[in-house]
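# Secondary and tertiary structure notes
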Amino acid sequence: MIKIAPSMLSANFAVLSEELKSIEAAGADLLHIDIMDGHFVPAISFGSEILKQISNFTDLFLDVHIMATNPEHCAKLLIDAGANNITFHYEATGDVIETINKLREMSADIMIGMSIKPLTPVDEILEYLPYLDMILVMSVEPGKGGQKFNIEALDKIEQLRRYIDENSFECLIEVDGGINGETGKDCALAGADVLVSGTYLFRSENIEKSIEKIKN
Ligand code: DX5
Ligand code: ZN
């Protein structure tokens with residue numbers, strides 16, 4: 001069954017505790033947390049101090065997506081703050097294996113993911129899949145919520161699904177950007193395991209129904 005990760009970026013921060021309670025009650029499987037450094041992407045979002053408070057507040061699995069030029073630099077603070085998964089960007093790293101090794105040294109318990117931007121071809125990263133717990137396909141340019149789903153992501157998901165299954169790798173496929181009731185179903189059919197959704201879920205009248213709509 002596909003898992004749903006609401007993206008906290010689209011929550012109403014004035015009533016964040018209520019927002020987190022509602023998504024937990026609505027059946028969210030993970031909480032997606034976007035860390036932006038103002039350099040890899042123009043915006044600055046939030047950091048480890050806020051993550052620590054979130055971690056003390058919710059039991060949801062904390063799926064941390066680092067959009068930063070130097071992911072290793074902030075990863076330890078985020079792990080100590082309660083991150084359960086650290087996803088770094090392929091485009092932000094010089095040596096993927098070295099980055100993965102450094103993250104594994106920081107904690108034996110976290111999951112490690114790698115994200116690819118819409119213009120990065122899947123062929124370039126296939127060799128890293130055996131070392132990753134998750135591959136995150138960006139279906140919008142990273143940096144902000146509320147953008148339109150890029151249909152080309154579906155081919156990438158299919159290609160990854162085939163390759164992962166043929167090689168019996170454990171790597172999950174996550175998709176992030178423009179996920180709603182329709183695009184979410186398309187991603188699930190293409191073979192995704194985890195769907196991130198911000199605007200669609202946090203702006204919906206009934207989050208539980210909207211999660212169900214993506215899942216079924
Ligand atoms: C975009 C972020 C996403 C974003 C998704 O850079 O990585 O997680 O919050 O938001 P929606 O679902 O609105 O596209
Ligand atoms: Zn994200």
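Residues numbered from 1 in each chain as written. Chains lettered and ligands numbered in written order. Predicted model: local features only at pLDDT ≥ 70, side-chain atom pairs only at ≥ 80, totals over all residues. Heavy atoms only, no water.

## Quick look at the nonpolar core
Where we set the bar: Definition of nonpolar core: a set of buried residues of the types Ala, Val, Leu, Ile, Met, Phe, Trp, Tyr and Cys, connected through side-chain atoms within 4.5 Å. Partly exposed describes any residue whose relative accessible area lies between the buried limit of under 20% and the exposed limit of over 50%, with all areas from a 1.4 Å probe on protein chains only and scaled to the type maximum. By definition, any uninterrupted DSSP run of H or I lasting at least four residues is a helix, any uninterrupted run of E lasting at least two residues is a strand, and each is numbered from the N terminus. Here, residues are in contact when the closest pair of their heavy atoms is within 4.5 Å.
Counting 63 residues, the largest nonpolar core has Ile 33, Ile 135 and Leu 160 as the members making the most contacts within it. Counting residues per element, this core draws most heavily on helix 5 (residues 153-166), at 5 residues. Setting aside its immediate chain neighbours within four residues, Ile 33 contacts Met 8, Phe 46, Leu 51, Ile 54, Leu 62, Asp 63, Val 64 and His 65.

## A short note on the site of ligand 1
Applicable threshold: Distances are taken per atom, and a residue is near a molecule or strand as soon as one of its heavy atoms is within 4 Å of it. Polar contacts here mean pairs of N or O atoms no more than 3.5 Å apart (in protein, one a potential hydrogen donor and the other a potential acceptor; neighbouring residues in sequence count only if both atoms are side-chain atoms). Calculation of accessible area relied on Shrake-Rupley with a 1.4 Å probe; when residues are assessed, cover is drawn exclusively from the protein chains displayed. A cavity, in this analysis, means grid points on a 1 Å lattice covering only the protein atoms where a 1.4 Å probe fits yet has no way out; a pocket is instead an open set bounded by protein on both sides within 12 Å along at least five of seven lines, and a residue lines either one if it has an atom within 4 Å of a point. For a cavity or pocket, the test is whether more than half of a molecule's atoms lie within 2 Å of its grid points; if they do, the molecule sits there. The nonpolar class holds Ala, Val, Leu, Ile, Met, Phe, Trp, Tyr, Cys and Pro. Asp, Glu, Lys and Arg form the charged class, and all remaining residues, Gly among them, are polar.
Surveying the vicinity of ligand 1 reveals 19 residues, the closest of which are Ser 7, Gly 143, Asp 176, Gly 198 and Thr 199. In this structure, Asp 176 approaches ligand 1 through a side-chain N or O atom, which is 2.8 Å from an oxygen atom. Expressed as a share of its isolated accessible area of 380 Å², the protein-covered part of ligand 1 is 99%. The cavity where ligand 1 resides is the largest pocket. Broken down by secondary-structure element, the contributors of at least two residues to the shell around ligand 1 are strand 2 (30-36), strand 3 (61-67) and strand 8 (194-197). A per-class count over the shell around ligand 1 returns 5 nonpolar, 11 polar and 3 charged.

## So, the packing of aromatic side chains
Our working rule: Stacked, tilted and edge-to-face pairs are distinguished by plane angle, under 30 degrees for stacked and over 60 for edge-to-face with tilted covering the rest, among Phe, Tyr and Trp rings (Trp via its six-membered ring) whose centres lie within 6.5 Å.
Scanning the entire structure with this criterion turns up 3 aromatic pairs. Ring plane angle 45° and centroid distance 6.4 Å describe the contact between Tyr 90 and Tyr 128, whose orientation is recorded as tilted. Within this pair, whereas Tyr 90 is found in the loop between strand 4 (85-89) and helix 4 (96-106), its partner Tyr 128 is found in the loop between strand 5 (111-116) and strand 6 (134-138), the two being separated by 38 residues in sequence. The class of Tyr 90 is buried, set by a relative accessible area of 17%.

## What about the coordination of the zinc ion (ligand 2)?
Cut-off, in case you're wondering: Only nitrogen, oxygen and sulfur atoms qualify as donors, and only when within 2.8 Å of the metal (3.2 Å in the case of Na, K and Ca); with water excluded, sites may look incomplete. Irregular is the default label, applied whenever a site is not tetrahedral (four donors, all angles between 85 and 135 degrees) and neither square planar nor octahedral (four or six donors, opposite donors over 155 degrees apart, all other angles between 65 and 115).
Within the first shell, the zinc ion (ligand 2) binds the protein through His 32 (NE2), Asp 34 (OD), His 65 (ND1) and Asp 176 (OD), at distances of 2.0 to 2.3 Å. In this structure, the zinc ion (ligand 2) is coordinated by 6 donor atoms arranged in octahedral fashion, with angles at the metal of 71 to 170°. Mapped onto the sequence, the donors of the zinc ion (ligand 2) take the spacing H-x1-D-x30-H-x110-D. Of this pair, Asp 34 sits in strand 2 while His 65 sits in strand 3, placing them 31 residues apart in sequence. Exposure remark for Asp 34: the relative accessible area of 4% places this residue in the buried category. On the basis of relative accessible area, His 65 is assigned to the buried category, the value being 1%.

## Observations concerning the pattern of salt bridges
So the rule is basically this: A carboxyl oxygen of Asp or Glu within 4 Å of a side-chain nitrogen of Lys or Arg is what we treat as a salt bridge.
Inspection of every chain in the model, using the stated rule, returns 10 salt bridges. Note that Lys 215 and Asp 29 form a salt bridge whose closest N and O atoms lie 3.3 Å from each other. Placement of Lys 215 in helix 8 (residues 207-215) and of Asp 29 in the loop between helix 1 (16-25) and strand 2 is noted, with a sequence separation of 186 residues between them. Under the relative-accessibility criterion, Asp 29 is labelled partly exposed at 27%. Through salt bridges with shared partners, a single ionic network connects Glu 72, Glu 98 and Lys 102.

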